[in-house]
Amino acid sequence: QTNLTVTEPEPRAPAILPVGTEEEQYNFAKDLLHNNRLKEAELALIEFAELHEESEFNSDVMFWIGRVQFVQGEHQKSLQTMSDFLKTWPEDPRKIEVLMWIAESVSKTRPKEDACNFFDKLILTVENPPEKLTNRLARLEEKTECEA
């Protein structure tokens, strides 16, 4: 007869993030961003989100993941990340900025007609849209050659 002992798996060591506190790991990922090491920053931020599902930094982490994805030309990924951000934190003070990144991503990933329809609908979802949003949408509509 064999004696099998079941043990809990060891918590995994971070792959990119250093061993340390949640705040130290967050700061490490942000330093990668500030040093323009975007691919590493994206991976570190994703790893952070996976390791710390209940972190107070998670809205910032998701915001930066979406931004990094956009800057790297990963517009479809950025669109999904920013959409998830708004679903999770609909009242975040960066909402207008996130909507602008979403609109930019739509302009790069969707057919012209779909993008133009999206721009028209987006402006209707924002009560008293600020000028920076209306201006950005107007530029995107012009660039996308939407019909007035």
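Heads up: these notes are all about the structure in this document. (Residues numbered from 1 in each chain as written. Predicted model: local features only at pLDDT ≥ 70, side-chain atom pairs only at ≥ 80, totals over all residues. Heavy atoms only, no water.)

1. A look at the nonpolar core
Across soluble globular proteins, you tend to see nonpolar side chains buried next to one another.
And then number 1: Core analysis: the biggest nonpolar cluster contains 23 residues, and Val 98, Leu 99, Ile 102, Phe 119 and Leu 133 have the highest contact counts within it.
And then number 2: Taken together, the elements giving at least two residues each to this core come down to helix H3 (58-71), helix H4 (75-88), helix H5 (95-109), helix H6 (112-124) and helix H7 (131-144).
And then number 3: Per element, the largest residue contribution to this core is 8 residues, and it comes from H5.
And then number 4: Leaving out residues up to four positions away in the same chain, Leu 133 has contacts with Ile 96, Leu 99, Met 100, Ile 123 and Val 126.
And then number 5: Formed by 14 residues, the second largest nonpolar core is a distinct cluster that contains Leu 32, Leu 33, Ala 41 and Val 68. (Core = buried A, V, L, I, M, F, W, Y, C linked by side-chain atoms within 4.5 Å. Buried < 20%, exposed > 50% of the residue type's maximum accessible area, 1.4 Å probe, protein only. Helix = DSSP H or I, 4+ residues; strand = E, 2+ residues; numbered from the N terminus. Contact = heavy atoms within 4.5 Å.)

2. Concerning the state of the cysteines
And then number 1: Within the structure shown, the criterion is met by 1 disulfide.
And then number 2: A disulfide bridge connects Cys 116 with Cys 146, and the sulfur atoms are separated by 1.9 Å. Handedness here is read from the sign of the S-S torsion; for Cys 116 and Cys 146, about -90 degrees, the answer is left-handed. Placement of the pair is Cys 116 in helix H6 and Cys 146 in the segment after H7, with a sequence separation of 30 residues. Neither Cys 116 nor Cys 146 differs from the other in exposure class; each is buried. (Disulfide = S-S within 2.5 Å.)

3. Considering unusual backbone geometry
And then number 1: Phi is positive for Asn 128, which is not a glycine, with a value near 50 degrees.
And then number 2: Checked against the element boundaries, Asn 128 lands in the loop between H6 and H7.

4. Quick word on H5
And then number 1: In this model H5 runs 21 Å from its N-terminal to its C-terminal C-alpha over 15 residues, within 8% of the 21 Å that 1.5 Å per residue would give.
And then number 2: Most of H5 sits out of view: 11 of its 15 residues are buried.
And then number 3: Those residues of H5 not exposed but buried are Ile 96, Val 98, Leu 99, Met 100, Trp 101, Ile 102, Ala 103, Glu 104, Ser 105, Val 106 and Ser 107. (Expected span 1.5 Å × (residues − 1).)

5. Details of the packing of aromatic side chains
And then number 1: Summed over the entire model, instances satisfying the criterion amount to 8 aromatic pairs.
And then number 2: Ring centres of Tyr 26 and Phe 57 lie 4.4 Å apart, and the angle between their planes is 10 degrees; on these two criteria the pair is classed as stacked. Remark: Phe 57 occurs in the loop between helix H2 (38-51) and H3 and Tyr 26 occurs in helix H1 (residues 22-34); sequence separation between them is 31 residues.
And then number 3: Residue Phe 57 is classed as buried on the basis of its relative accessible area of 14%.
And then number 4: Geometrically, the ring pair formed by Phe 70 and Trp 101 is edge-to-face, given 4.6 Å between the ring centres and 70 degrees between the ring planes. Taken together, the residues Phe 70 in helix H3 and Trp 101 in helix H5 connect sequence positions 31 residues apart. When sorted by exposure, Phe 70 lands in the same class as Trp 101, which is buried.
And then number 5: A connected cluster of aromatic rings, assembled from ring pairs, spans Phe 63, Trp 64, Phe 85 and Trp 89.
And then number 6: Stacked on the ring of Phe 63, the Lys or Arg Arg 94 has its end atom at 4.7 Å from the ring centre. (Phe/Tyr/Trp six-rings, centres within 6.5 Å; stacked < 30°, edge-to-face > 60°. Lys NZ or Arg CZ within 6 Å of the ring centre and 35° of its normal.)

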